[in-house]
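# Coordinates in review
Letter by letter, the chains look like this.
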Amino acid sequence: MQRSAKILRFPVPQASAASRLWWERLPVIAALIFAGVLLLHLPLLTLPYFWDEAGYYIPAARDILLHLQFIPTSTLSNAHPPLALAWIALFWKLFGYHIVVARIATLLIATFTLAGVFRLARELSNSSVALASVICTALFPVFFAQSSLAHLDMAAAGFTLWGLAAYVRDRYPHVTLWFALAGLAKETAILAPLALVAWELLGIALRDTRWKKYFLFRSTSLRLLWIFVSVIPIALWLAYHQRHTGYMFGNPGYIQYNLTATLHPIRFLAALAQRLWQLFGYMNMFVLTIAAMLAMTRLPMLADEPSRNGNKDQQERPRIAIPAQFIFAIITLAYVIALALVGGAVLARYLLPVYPLVIIVFVSTLWRRLPWWPLFLGVVCLAFLVGLVINPPYHFAPEDNLNYADFVKLHEQAAKYLEAHPPGSRVLTAWPASDEITRPYVGYVQKSIPVVRIEDFSLPQIMVAREAADTYDMAFVFSTKYEPSSGFLIRLPFWEALQKRYFDYHVDVSPQIAAEMLQGHIVFHAERNGQWVAILQMDRALNAQLH
């Protein structure tokens, strides 16, 4: 309690470590979290690898396992740092190369991240808010879906949250260590320490003014240096990557897609709007946002706190310290602006490090101002569960809820059909199916099937495939984007034009049209929750077999 009072300008009551209930202790919380996420993800643990997993992350982790190559050679290097992938490779080394092993390794990362949510929220508020924040975060569809996927963003989020927990306690060099590990998990994680460096510099400039009350600490050059040092490891990694590959930030195609092609003011504004929507409205997050906004119209609740003389004084339930909220805001703003400026795909998972910050503040607001706050949070959690299993009426990435499992199961069925009916020559398809059926270790096929690749199944690409008709005798076609049967916004002509010009939006032709244009017929077709897949047999190949 005394430590908190020295750090925060708006101290909050904290129970001492000795007086906490058994379930409030961090090791117990971590064990309970892992048991919960493992139980909830059991049906997903045996699924083959999905999308970017199959295309990059699992091949890169496998290179570490087999050859200790931290710069992948079985796939084009994107300059991503290797820490999270090395963690998966370590688990394979210890427990065997299995999909389940990789999934459990990623669930442990999710557990670490949720424990960081609890630690940070309890440090700034109390155990009730911390526990509620953990539950809301774990059930938020984007977080839930990412918890067992072998991506880098969950690890970056975990280290960032632990770094912030150390920062609000003024614990150095812990801050440096956690932020350095975050950068080695994913390069974009340097946004948090860089935002804090900017905030600390502002604090130094304003330390003798009335604005100093909005800073947690009296900013010093030493604290600034501790934070800045955390950026050095990722800088060394990028220099190492430059030396061994000839490019610092990824292969030229990766740089073109994620940086040079994104630097347009209209594209930035459109991406910024999407980022704000993802942060405050996406996947039913609007339920929590609206609840917090409505709660702000009410006065803070009063809580009976015993005073030093033994009497009870009426006091307001404390808010999260305003300086701490400013820190959350500056980091969140840094992520929103930076990720609107760069990144070819505007994926929600890139915001994983800041989703918990929004949730913690909103949950604290409900706890502080609403008498029936657990009931409101129950409604929020129910909305998150609905978003997890029911697709929204707008475009979204399948990896943002359980729709990714539908995608994987459909591709499993198609791959099994191809194995049972092997093609005479090659199979026409697009990524990621091209990796799914050429890389047996990602879980779809037993033996590699040769492919002819096209970009997608839009009309122009089908026309390209038609010109190369003699190079394949079967086609594996599928929905590359989720298309809602009914919805809004994307149907507006101006928004659809923006998506096509700046965000690679396209419409896949139906299996029937693809079969007609490629002069084939459908021999396998399946649909599942808005996704579809089909195998086409080319008529010329069938005629050749008959003769």
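All of the points below concern the structure found in this document. (Residues numbered from 1 in each chain as written. Predicted model: local features only at pLDDT ≥ 70, side-chain atom pairs only at ≥ 80, totals over all residues. Heavy atoms only, no water.)

## Re the overall build of the protein chain
- Of regular secondary structure, the protein chain possesses 24 helices and 7 strands.
- Expressed as lengths along the three principal axes of its C-alpha atoms, the size of the protein chain is roughly 100 × 50 × 50 Å.
- Within the span of the protein chain, comprising 547 residues, buried residues form 56% of the whole.
- For the protein chain, contacts bridging at least 24 residues in sequence account for 74% of all contacts bridging at least 6.
- Taken as a whole, the protein chain presents about 24100 Å² of accessible surface, with 65% of it coming from carbon and sulfur. (Helix = DSSP H or I, 4+ residues; strand = E, 2+ residues; numbered from the N terminus. Buried < 20%, exposed > 50% of the residue type's maximum accessible area, 1.4 Å probe, protein only. Contact = heavy atoms within 4.5 Å. Areas by Shrake-Rupley, 256 points an atom, 1.4 Å probe, with all protein chains shown as cover.)

## Overview of the side chain of threonine 113
- Its place among the elements puts threonine 113 in helix H5 (residues 99-124).
- Apart from the residues lying within four places of it in its own chain, the contact partners of threonine 113 are Phe143, Met154, Ala157, Gly158 and Leu161.

## Digging into the packing of aromatic side chains
- Counted by the stated rule, this structure contains 30 aromatic pairs.
- Taken together, a centroid distance of 5.6 Å and an interplanar angle of 55° make the contact between phenylalanine 50 and tyrosine 404 tilted. Taken together, the positions of phenylalanine 50 in the loop between helix H2 (26-41) and helix H3 (52-67) and tyrosine 404 in helix H19 (residues 403-420) put the pair 354 residues apart, joining distant regions of the chain. Tyrosine 404 shares its class with phenylalanine 50; the two are buried.
- Feature note: the residues Phe50, Trp51, Tyr404, Phe407, Trp431, Phe457, Phe476 and Phe478 constitute an aromatic cluster, connected by ring pairs.
- When the ring centre of tyrosine 441 is taken as reference, the NZ or CZ atom of arginine 62 above it lies at 3.9 Å. (Phe/Tyr/Trp six-rings, centres within 6.5 Å; stacked < 30°, edge-to-face > 60°. Lys NZ or Arg CZ within 6 Å of the ring centre and 35° of its normal.)

## Here we look at helix H12 (residues 232-245)
- With 14 residues, H12 extends 20 Å between its outermost C-alpha atoms, agreeing within 8% with the 20 Å of an ideal straight helix rising 1.5 Å per residue.
- Turning to H12, its buried residues number three or more, namely Ile234, Trp237, Leu238 and His241. The buried residues of H12 occupy an angular sector of 95° when projected down its axis, which confines them to one face. Every exposed residue of H12 that faces more than 90 degrees away from the buried side is listed here: Leu236 and Arg243.
- Next to the buried residues of H12 lie helix H9 (174-185).
- One or two positions beyond H12, positive phi appears at glycine 246, with a value near 95°. (Expected span 1.5 Å × (residues − 1). Arc of directions from axis to C-beta.)

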